[in-house]
Amino acid sequence: VTYLNYPDEGHGFARPENSLSFMAVAENFLSQCLGGIAQDYGDDFEGSTIEVLHGAEYVPGLSEELEGHGAPSSTGADGNDTSASLQLASRRILFLSFLSSLVRFIQ
């Protein structure tokens, strides 16, 4: 499961930069699951507060892209360890987990 966290968002996306980065991750995840193609990330993470708390390795190119943009991939925005951030993420962005279940259901 890939857990994404956006510390400045609540139950949805208010910032277009965060929405764009989320859609880019979802697109790459689905392209791998469904055998389709996806665009390169390009500048989709510019201005985004994306944090990948777990499972970046399950989305093609995500780990490399995060390193290139300086986005945290294992710690929260406050520098705490992943376990503390996972509690916050559990009530925020778990959409990729849902998509994974949906893909398995459709297949």
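Structure: above.
Everything in this summary refers to the structure shown in the same document. Small disclaimer: the values here were computed from a predicted structure and weren't measured. Here, residues in each chain are numbered from 1, in the same order as that chain's written sequence. A pLDDT threshold of at least 70 governs which residues receive local features in this predicted model, and a stricter bar of 80 or more applies before side-chain atom pairs are shown or counted, although totals over entire chains, interfaces and linings include all residues. Hydrogens and water molecules were not included; the side-chain quantities draw on all heavy atoms of the structure.

A word on helix α1 (residues 16-34). Here α1 spans 26 Å end to end across 19 residues, near enough to the 27 Å set by a 1.5 Å rise per residue. The complete set of buried residues in α1 reads N18, S21, F22, A24, V25, A26, N28, F29 and S31. Numbering of helices and strands runs from the N terminus; a helix is a DSSP stretch of H or I covering at least four residues, while a strand is a stretch of E covering at least two. Immediately beyond the C-terminal end of α1, within one or two residues, lies G35, with a positive phi of roughly 75°. A helix's residues, less one, multiplied by 1.5 Å, set its expected span. Accessibility here uses a 1.4 Å probe with only protein chains present; expressed as a share of the type maximum, an area under 20% marks a residue as buried, one over 50% as exposed, and anything in between as partly exposed.

What follows deals with the pattern of salt bridges. Salt bridge, as used here: a side-chain nitrogen of Lys or Arg that lies within 4 Å of a carboxyl oxygen of Asp or Glu. Inspection of the entire model under this criterion finds two salt bridges. Notably, a salt bridge pairs R15 with D8, separated by 3.1 Å at the nearest N-O pair. Among the residues examined, R15 registers a relative accessible area of 26% and is labelled partly exposed. Each of D8, R15 and E17 takes part in salt bridges that share partners, so that together they form one network.

A separate point is the environment of A56. As for its placement among the helices and strands, A56 is situated in the loop between β2 (51-54) and α2 (62-69). Exposure remark for A56: the relative accessible area of 9% places this residue in the buried category. Residues A56 and T2, spaced 54 residues apart in sequence, show a C-alpha to C-alpha distance of 6.1 Å. In what follows, a contact means two residues having at least one pair of non-hydrogen atoms within 4.5 Å. Aside from chain neighbours lying at most four places away, what touches A56 is L62 and S63.

What follows covers the packing of aromatic side chains. Put simply, two rings from Phe, Tyr or Trp (the six-membered ring, in Trp's case) pair if the centres are within 6.5 Å, and we call them stacked under 30 degrees between planes, edge-to-face over 60, tilted for the rest. The final tally for this structure, using the stated rule, is three aromatic pairs. Geometrically, the ring pair formed by F13 and F22 is tilted, given 5.4 Å between the ring centres and 40° between the ring planes. Residue F13 is classed as partly exposed on the basis of its relative accessible area of 31%. Through a chain of ring-to-ring contacts, three or more aromatic side chains come together here, namely Y6, F13 and F22.

With that settled, the discussion passes to the environment of I50. Take I50: it is sitting in the loop between α1 and β2. Considered as a pair, I50 and P7 are 43 residues apart in the sequence and their alpha carbons are 7.8 Å apart.

So, about the nonpolar core. Put simply, a nonpolar core is a bunch of buried Ala, Val, Leu, Ile, Met, Phe, Trp, Tyr and Cys residues held in one set by side-chain atoms that sit within 4.5 Å of each other. Ranked by internal contacts, the top residues of the largest apolar core, which has 14 residues, are L4, V25, Y41, F45, I50, V52 and L62. Within the residue set of this core, elements represented by two or more residues are α1 and α2. Ranked by residues supplied to this core, first place goes to α1 with four residues. Apart from residues no more than four positions distant in its own chain, Y41 is found in contact with A24, V25, N28, V59, P60, G61, L62 and E65.

Geometry only, nothing functional implied.
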